[in-house]
Amino acid sequence: MRNRPIGIFDSGMGGISVLRETKKLMPNEDYIYYGDSQNIPYGKKTKEELEKICLDIGDYFIDRGVKSIVIACNTATSAVVDKFRNSYNIPIIGIEPALKPAVEVYKSGKIVVLATEVTLKENKFNSLMDKYKNKAEIIKVPAPKLVTVVENGITEGNQVEESIKELFEDINMNEISSIVLGCTHYIFLKDAIKKVLGNRVKLIDGGFGTAQNLKNILSRRDLLSDKVIDGGVEIVNSSEDESKIELSYKLLNM
Ligand code: DGL
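Before going into details, it helps to say that this report is about the structure given with it.

What counts as what
Residues numbered from 1 in each chain as written. Predicted model: local features only at pLDDT ≥ 70, side-chain atom pairs only at ≥ 80, totals over all residues. Heavy atoms only, no water. Near = heavy atom within 4 Å. Polar contact = N/O pair within 3.5 Å; in protein donor to acceptor, adjacent residues only side chain to side chain. Areas by Shrake-Rupley, 256 points an atom, 1.4 Å probe, with all protein chains shown as cover. Nonpolar A, V, L, I, M, F, W, Y, C, P; charged D, E, K, R; others polar. Salt bridge = Lys/Arg side-chain N within 4 Å of Asp/Glu carboxyl O. Helix = DSSP H or I, 4+ residues; strand = E, 2+ residues; numbered from the N terminus. Buried < 20%, exposed > 50% of the residue type's maximum accessible area, 1.4 Å probe, protein only. 1 Å grid on protein atoms, 1.4 Å probe; cavity = no way out; pocket = protein on both sides within 12 Å on 5 of 7 lines; lining within 4 Å. Points joined across faces, edges and corners; volume = space filled by probe spheres on them. Pairing = 2+ DSSP bridges.

### Describing the site of the ligand
Now for step 1: In the vicinity of the ligand lie 14 residues, with Ser11, Tyr42, Thr75, Thr184 and His185 positioned nearest.
Now for step 2: One of the backbone N or O atoms of Thr184 is found 2.9 Å from an oxygen atom in the ligand.
Now for step 3: Protein contact buries 99% of the 300 Å² of open area that the ligand shows by itself.
Now for step 4: Of the residues belonging to the shell around the ligand, the class tally is 6 nonpolar, 7 polar and 1 charged.

Pasting the structure below:
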């Protein structure tokens, strides 16, 4: 069991940012990455639609014999993580907007959470927000356009910068201490966000924390690979557009 692959999925390319962290932390593991570009954006789907789509991916991973599944998507985690844990008898790791470090590390100033509409609306995030609402002012900002640009392989340049500017038009940046990147696609836009907003504001994401969490859980269950050589990464994508696979490998090596 311990040398079986780990399954990681997202609506498209975004989860590659999480795969990058897990691969860095556990290079000797084998990974299967499933990008569901055919069904993107998850951020505009209903919970019921997401359950159906994501459970098909979960079943695919079980057929492939994975030892654990990482839902490398904040949107899918908020909609289906409980269902996954009830359906599959292997460790299920999710990702959620990294509000905790934002509140604890950068105490002064308001916090912006960038995420999809579904993530910001679902109970999971709102209970998390309730926990911290007395400690910091939290501003929710949905950013669907940023998903589209990354999915098209664009991580820098005018189009990206204009989309970022638009999001912050009505926000007084002097009052903001940090921005939580609550969607795995946005992690690829860190440089562009810094270019538009400057270096003062801290950008926080849950990629590394999720990788660490995966490692701890596998270790506790004695499921870490004992291979001494580097593992492999297999990328599959639900879209017929073959360029998605090529683009995914490019982002993985960015
Ligand atoms: N990457 C996904 C997330 O972390 C969502 C992108 C989408 O809307 O499909 O929430």
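Text resumes after the structure shown.
### Considerations on the pattern of salt bridges
Now for step 1: Going through the model one piece at a time under the given rule, you end up with 16 salt bridges.
Now for step 2: Where Glu166 meets Lys145, a salt bridge forms, and the shortest distance between an N and an O atom there is 2.8 Å. One end of the pair, Glu166, is in helix H8 (residues 158-168); the other, Lys145, is in helix H7 (residues 144-151), with 21 residues separating them in the sequence.
Now for step 3: Look at Glu166 and you get partly exposed, because its relative accessible area is 42%.

### Observations regarding the layout of surface pockets
Now for step 1: Estimates place the volume of the largest pocket at around 250 Å³.
Now for step 2: What lines the largest pocket is a set of 16 residues, and nearest its centre among them are Ile187, Phe188, Lys190, Asp191 and Met254.
Now for step 3: Elements with a minimum of two residues in the lining of the largest pocket: helix H1 (16-25) and helix H9 (190-197).
Now for step 4: In terms of residues, the lining of the largest pocket owes the most to one element, H9, which gives 4 residues.
Now for step 5: Broken down by class, the residue content of the lining of the largest pocket amounts to 4 nonpolar, 4 polar and 8 charged.
Now for step 6: One number sums up the size of the second largest pocket: a volume of about 210 Å³.
Now for step 7: Secondary structure elements with two or more residues in the lining of the second largest pocket: helix H4 (99-105) and helix H10 (207-220).

### Focus on the sheet that holds strand E4 (residues 92-93)
Now for step 1: The strand order across the open sheet formed by 5 strands is E4-E3-E1-E2-E9, and the pairing between neighbours is parallel. Pairing within the sheet leaves two strands with one partner each, and these edge strands are E4 and strand E9 (233-237).
Now for step 2: As judged from the 4 bridges shared by strand E1 (residues 6-10) and strand E3 (residues 68-71), these two strands associate in the parallel manner. Note on E3: the bridge partner recorded for Ile6 is Ser68.

On their own, these measurements won't tell you what the molecule is for.
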